[in-house]
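Structure at a glance
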Amino acid sequence: MNTATTPQNDLSFLRALAEAGRDAPLQAGPYLVAGGGWFAAASLVIGLQALSVIALPAAAMWSVWLVAMVGFSGTLFLLIRRDSQRVANTTNAVIGAAWSAAGWGIFAFFLAVYIVAARMDSYAVLNTIALAVLVLYGMCWKLSAEITRQRWMNGVTALTFVALLLVAASMGSQWTWIAYAVALVLSGVLPGLYLMRLARAVRASTAAA
């Protein structure tokens, strides 16, 4: 059996790797649904409270956010544990790193803004966290679009930045958190569900091949 390698064989191998990477299903969908879903739900509850649709004590806002953070952390742990057995291709690794960096950036921004709010004794500044989240979401979608060459992600990028401006315009009104909940659904939950659908289709076609 001839095991000698040739430039032609090497080129074919690299092409096969490239094709496999290009067609591999993106794994970010469940993470986007989890993050967007938990915090959109929390924002919706707070927004409904602001509109007097539901009656909750003012201090309950912190409890709502705490539940969302614990719920997301638990879901994230389960997703990471499940996916730790999978071998991620370069595309998934880069996109995953981008969204992970965005998550850490959101957390750091929250701590920084909370310090500012406490020192200034003005907790209204915490509302700017919503703007930071949407900015980072838009940046990650643009990066994902450039890496994967999937044009629909450019549409999500544009939609995210439009949602950012709408949330900014709603600041100071009773509709701020409703607008933010809708923005998270549009920029996180729905695109995440679409990614999950695409991943299932790729796996089904691979299994049938």
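Sequence positions are assigned chain by chain, starting from 1 and proceeding in written order. Given that the model is predicted, a residue must reach a pLDDT of at least 70 before its local features are reported, and side-chain atom pairs must reach 80 or more before they are shown or counted; all residues, however, enter totals for whole chains, interfaces and linings. Side-chain descriptors were evaluated using all non-hydrogen atoms of the structure, hydrogens and water having been removed beforehand.

Some words on the packing of aromatic side chains
To pair, rings of Phe, Tyr and Trp, with the six-membered ring standing in for Trp, must have centres within 6.5 Å; the planes then decide the type, stacked if under 30 degrees apart, edge-to-face if over 60, and tilted in the middle. Applying the stated criterion to the full structure yields eleven aromatic pairs. Relative to Tyr137, the ring of Trp99 lies with its centre 5.2 Å away and its plane at 85 degrees, an arrangement referred to as edge-to-face. Linking Trp99 in helix α4 (residues 90–120) with Tyr137 in helix α5 (residues 128–148), this pair joins segments that are 38 residues apart in sequence. Only protein chains enter the area calculation, which uses a 1.4 Å probe; residues under 20% of their type maximum are buried, those over 50% are exposed, and those in between are partly exposed. Judged by relative accessible area, Tyr137 falls into the buried class, the value being 10%. Between Trp177 and Tyr180 the ring centres are 5.8 Å apart and the planes differ by 75 degrees, which places this aromatic pair in the edge-to-face class. You can see Trp177 and its partner Tyr180 sitting in helix α7 (residues 176–208), three residues apart, about one turn around the helix. Residue class for Trp177 comes out buried when judged on its relative accessible area of 14%. Among the residues examined, Tyr180 registers a relative accessible area of 5% and is labelled buried. Grouped by ring-pair contacts, the aromatic residues Phe39, Trp65, Phe72, Trp177 and Tyr180 constitute a single cluster. Labels follow the DSSP assignment, with helices taken as runs of H or I lasting at least four residues and strands as runs of E lasting at least two, numbered in each case from the N terminus.

Notes on the pattern of salt bridges
Salt bridges are counted wherever a side-chain nitrogen of Lys or Arg sits within 4 Å of a carboxyl oxygen of Asp or Glu. In this structure the tally under the stated criterion is three salt bridges. Two residues, Asp83 and Arg82, come together in a salt bridge whose shortest N-O distance is 2.9 Å. Overall, the relative accessible area of 9% leaves Asp83 in the buried class. With a closest N to O distance of 3.7 Å, Arg149 and Glu146 form a salt bridge. The partly exposed category is assigned to Glu146, whose relative accessible area is 39%. Taken together, the salt bridges that share partners define one network made up of Lys142, Glu146 and Arg149.

Observations regarding the nonpolar core
Counting 34 residues, the largest nonpolar core has Trp99, Trp141, Tyr180 and Leu195 as the members making the most contacts within it. Those elements giving two or more residues to this core turn out to be α2 (29–50), α3 (60–83), α4, α5, α6 (152–170) and α7. Considering every element that reaches this core, the biggest residue donor is α5, with eight residues. Setting aside its immediate chain neighbours within four residues, Leu195 contacts Leu26, Ala28, Gly29, Leu32, Trp141, Trp152 and Met153. Put simply, buried Ala, Val, Leu, Ile, Met, Phe, Trp, Tyr and Cys residues joined by side-chain atoms within 4.5 Å make one nonpolar core. Should any heavy atoms of two residues lie within 4.5 Å, those residues are counted as being in contact.

Details of the confidence of the model for the protein
Residue-level pLDDT values for the protein average 86, and 86% of them are 70 or greater. Each residue carries a pLDDT value, the predictor's own confidence for that position, ranging from 0 to 100. Mean pLDDT values over the elements of the protein span from 50, in helix α1 (residues 7–23), up to 96, in α6. With pLDDT under 50 throughout, residues 13–20 is counted as low confidence; its partners more than four residues away or in other chains account for one contact.

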